Amino acid sequence: MPENDHAFERRSIPEDGEYTPNPPAPFVELGLATCFSFLRGASDAVDLATTAWAQGYDQLGCADINSFAGAVRHYTHAKSVNIRPITGTRIALITGETFLAYPRDRASYGRLCALISKGRMRDPDGAWQAKGVCDLTLDDVATHTKDCILIAIPPRDLSRFTKRLPALIKRLPSLSHIAASYHYTGDDTARINRLDALADHHRHALLATNDVLYHAPERRALQDVMTCIREKTTIHKAGRLLQANAERHLKSPAEMTRLFSRWPHAIKASLKIAKACQFTLEELKYEYPHEVLPKGRSSLEQLRLNTLKGAAERYPNGIPDDVTATINKELAMIKAKDIANYFLTIDSIVKFARQEGILCQGRGSAANSAVCYCLGITAVDPAQNDLLFERFISEDRIEPPDIDVDFEHERREEVIQHIYKTYGRHRAGLCATVIHYRPRSAIREVGKVIVGQTDVLDQILMCILAGGHALLIGLPGMAKTLTVRTIAKVLNLKFKRVQFTPDLMPGDIIGTDVLETNPTTGEKEFRFIRGPIFCNLLLA
């Protein structure tokens, strides 16, 4: 495996693609999960957006489970293909009930964010939450869903749902729809009729959704594997934990209209919800603390005073004219972008650290800023170096610049507690990054799912992914064919055929060569050599 196996370039919509706006579609898919519904959604926002555009969508919802993590990429890629993104989430309760939740406006979006944060910070008993867990109760949802549109997702067994629905409706004024899907399970018509009657009885509306987990049917294999990883089982033992078929893919508005031809009101309901939900991520903006600002003085005035005071300390023999010009230029840009409070906030934190004797140093692009130098955040003197301020703040960027400050690790907690004490825990929090599988761990997890052990396929699959050298542990008879074909399918490796020699015994170890071109056929193939040829995987 390469040393930098984590360095994967993020996928994006090709800039040279032509995505003309689609005409208004008769249906909007609102029950869509991206890969940020971890170990559930099997497609990323790029595939979902491009597929939706090709199918004729002009609007598309996104509702990842107990999270808004996928909303940004969904928004970005949907806009890239001229599709209106609709931001929502899927709320799963500890008692088993599940809802799609779509905010109508900025305030209701904020309440949903607070709801999810509560579930991820504390368990129902008030104790610190376990990593990766989000425990939400019915009371939590009732408290945080004002001005939201809630859509109940019925479980497979409708008996308990039917009994439970009156209590849910009474407790949740925002609950207005019941979702229905046509997944070719044999009883779809009877099930949807029952849900339609149930919704009508409670004066609610039926909503059509395909409850999407991936963009195309061929992703079902990957989704099955992810289900097994989540449930800690193998593909051979998963049974009914897996979806019955590959129908959970994104279907076109025309196909959804056809499937729900008996219930056209369920199709129209999606358009009504989309029209009611006018919130967009463009409404979000940074809101900086005002604790750093004395009364009667604007943030820019205070920042100018702090900067000039720091400049006088940096240059005791007088501030050079070129430095003064640079400071004025930067302050003008800071004023234009209305981010003076941001600089004052960082300045106050750095001042606290220095007063307490905590070592700290600004780094990165902030070193191009004379203002940061004068405030004592960075240590690069603009009088001694040619700085390029545009690397730090650009007129083309709508977000504030990055000011990265390193604090000595042994006393970093003091700084964190100071921030909590100054601004309150309800307004301050630690940022988390979302990790992804690296090739080595991904191969190991897939191998566990398919063959129940990791030592059988790790090395061959590392060779396939990285084009490097590896060793292959032999598998008996049909297991070889099943394993290689299944893994190749899951990892989206397109191939024409897999050839085996019958004389390899279980436990035999054979070396592998790298990807090469067959001189006779011109086909690219992985050739496993040293001794009898075990397998040629011919790439399509």
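A.B. asks: Lay out helix H3 (residues 106–121) with the relevant residues and their values.
C.D. replies: Given a rise of 1.5 Å per residue, 16 residues ought to cover 22 Å, and the 22 Å separating the end C-alpha atoms of H3 matches this to within 8%. Listed in full, the buried residues belonging to H3 are Ser108, Tyr109, Leu112, Leu115, Ile116 and Gly119. Along H3, the residues classed as buried sweep out an arc of 115° about the axis, all on the same side. The residue sitting at the N-terminus of H3 and contributing the capping side-chain oxygen is aspartate 105; that oxygen lies 3.3 Å from the backbone nitrogen of alanine 107.

A.B. asks: Give a description of the confidence of the model for the protein that names residues and reports values.
C.D. replies: Per-residue pLDDT for the protein has a mean of 84; in total, 81% of the residues score no lower than 70. Taken as a whole, residues 524–540 scores under 50 in pLDDT and shows 76 contacts with residues more than four places along the chain or in a different chain.

A.B. asks: Which residues make up the sheet that holds strand S3 (residues 98–103), and what are the values?
C.D. replies: Strand order in the open sheet formed by 6 strands is S1-S2-S3-S4-S5-S6, with mixed pairing between adjacent strands. Pairing within the sheet leaves two strands with one partner each, and these edge strands are strand S1 (59–65) and strand S6 (205–208). Between one strand and the next, the sheet's axes are offset by a mean angle of 35°, whatever the strand orientation. Bridge count between S3 and strand S4 (residues 148–153): 6 bridges; the pairing is antiparallel. Within S4, the residue paired with proline 103 across the bridge is cysteine 148. Of the strands in this sheet, S3, S4 and strand S5 (175–180) touch helix H5 (residues 158–171), which is tilted by about 155° from S5.

A.B. asks: Tell me about the nonpolar core, and name the residues and values.
C.D. replies: Formed by 57 residues in total, the largest nonpolar core has its most connected members in Tyr57, Ile91, Phe99, Leu175, Met256 and Phe260. Top element by residues in this core is H5. It accounts for 5 residues. Excluding its chain neighbours within four sequence positions, the residues that come into contact with phenylalanine 99 are Thr89, Arg90, Ile91, Leu93, Leu150, Ile151, Ala152, Ile153, Leu168, Leu172 and Leu175. If you look at the next biggest cluster of nonpolar residues, it comprises 38 residues, including Met333, Ala353, Val415 and Tyr423.

A.B. asks: Lay out the side chain of serine 252 with the relevant residues and their values.
C.D. replies: Here serine 252 is to be found in the loop between helix H7 (220–231) and helix H8 (253–259). In contact with serine 252, not counting residues within four places along its chain, are Gln55 and Tyr57.

A.B. asks: Pulling in residues and values, what's your account of the packing of helix H12 (residues 340–355) against helix H14 (residues 412–423)?
C.D. replies: Contact geometry for H12 and H14: axes closest at 10 Å, N-to-C directions at 130°. One way to sum up the angle between H12 and H14 is to call them oblique. Helix-helix and strand crossings are classified by hand; for H12 and H14 the assignment is right-handed. Mapping the contact onto sequence places Thr345, Ser348, Ile349 and Phe352 in H12 and Glu414, Val415, His418, Ile419 and Tyr423 in H14.

A.B. asks: A description of unusual backbone geometry should follow, citing residues and the corresponding values.
C.D. replies: A negative phi holds for most residues other than glycine; trans holds for most peptide bonds. Here the phi dihedral of aspartate 147 falls at roughly 65°; this positive angle occurs in a residue that is not glycine. Relative to the helices and strands, aspartate 147 is located in the loop between helix H4 (138–144) and S4. At tyrosine 184, a residue that is not glycine, the phi angle is positive and equals roughly 55°. Mapped onto the elements of the fold, tyrosine 184 is located in the loop between S5 and helix H6 (188–201). We classify tyrosine 184 as partly exposed; its relative accessible area is 40%.

A.B. asks: Break down the packing of H5 against H6 for me, citing the residues and quoting the values.
C.D. replies: Interhelical geometry of H5 versus H6 gives an angle of 5° and a closest axis separation of 12 Å. Judged by the inter-axis angle, H5 sits roughly parallel to H6. Along its contact with H5, which presents Leu158, Ser159, Phe161, Thr162 and Leu165, the element H6 presents Arg191, Arg194, Leu195 and Leu198. Here the contact of H5 with H6 is built from residues that sort into 5 nonpolar, 2 polar and 2 charged.

A.B. asks: Can you break down the packing of aromatic side chains residue by residue, with the values?
C.D. replies: Enumeration over the complete set of coordinates arrives at 12 aromatic pairs. Taking the centre distance of 4.4 Å and the plane angle of 20° together, the rings of tyrosine 109 and phenylalanine 279 count as stacked. Linking tyrosine 109 in helix H3 with phenylalanine 279 in the loop between helix H9 (264–276) and helix H10 (299–314), this pair joins segments that are 170 residues apart in sequence. Phenylalanine 279 carries the same exposure label as tyrosine 109, and that label is buried. Between the aromatic rings of phenylalanine 260 and tryptophan 263, the centroid separation amounts to 5.8 Å while the plane-to-plane angle is 70°, which identifies the pairing as edge-to-face.

A.B. asks: Summarise the pairing of strand S2 (residues 84–92); cite the residues concerned and give the values.
C.D. replies: Most of S2 sits out of view: 8 of its 9 residues are buried. Alignment of S1 against S2, held across 7 bridges, turns out to be parallel. Paired with alanine 63 across the two strands is glycine 88, which belongs to S2. A crossover links S1 with its parallel partner S2, the connecting element being helix H2 (residues 71–80), and its sense is right-handed. Inspection of the sheet shows S2 paired to S3 by 4 bridges, in the antiparallel sense. For arginine 90, the partnering residue across the bridge sits in S3 and is leucine 100. Counting the residues between successive antiparallel strands, the hairpin from S2 to S3 contains 5 residues, one of them, glycine 96, with a positive phi of roughly 105°.

A.B. asks: Lay out the pairing of S1 with the relevant residues and their values.
C.D. replies: With respect to burial, S1 is a largely interior element, 7 of its 7 residues being buried. Taking every second residue as pointing to the same face, both faces of S1 are buried, with Gln59, Gly61, Ala63 and Ile65 on one and Leu60, Cys62 and Asp64 on the other.

A.B. asks: Can you tell me about the environment of arginine 425, naming the residues and giving the values?
C.D. replies: Counting through the fold element by element, arginine 425 comes out in the loop between H14 and helix H15 (439–451). Separated by 3.4 Å, the side chains of arginine 425 and glutamine 417 make a polar contact.

Rules used in this analysis
Residues numbered from 1 in each chain as written. Predicted model: local features only at pLDDT ≥ 70, side-chain atom pairs only at ≥ 80, totals over all residues. Heavy atoms only, no water. Helix = DSSP H or I, 4+ residues; strand = E, 2+ residues; numbered from the N terminus. Expected span 1.5 Å × (residues − 1). Buried < 20%, exposed > 50% of the residue type's maximum accessible area, 1.4 Å probe, protein only. Arc of directions from axis to C-beta. Polar contact = N/O pair within 3.5 Å; in protein donor to acceptor, adjacent residues only side chain to side chain. pLDDT = per-residue confidence, 0-100. Contact = heavy atoms within 4.5 Å. Pairing = 2+ DSSP bridges. Axes fitted to C-alpha atoms, helices over the stretch in contact; angles between N-to-C directions. Core = buried A, V, L, I, M, F, W, Y, C linked by side-chain atoms within 4.5 Å. Parallel < 35°, antiparallel > 145°, perpendicular 65-115°, else oblique. Left-handed = near helix turned anticlockwise from the far one by under 90°. Nonpolar A, V, L, I, M, F, W, Y, C, P; charged D, E, K, R; others polar. Phe/Tyr/Trp six-rings, centres within 6.5 Å; stacked < 30°, edge-to-face > 60°. Right-handed = clockwise from strand over helix to strand, strands pointing away.

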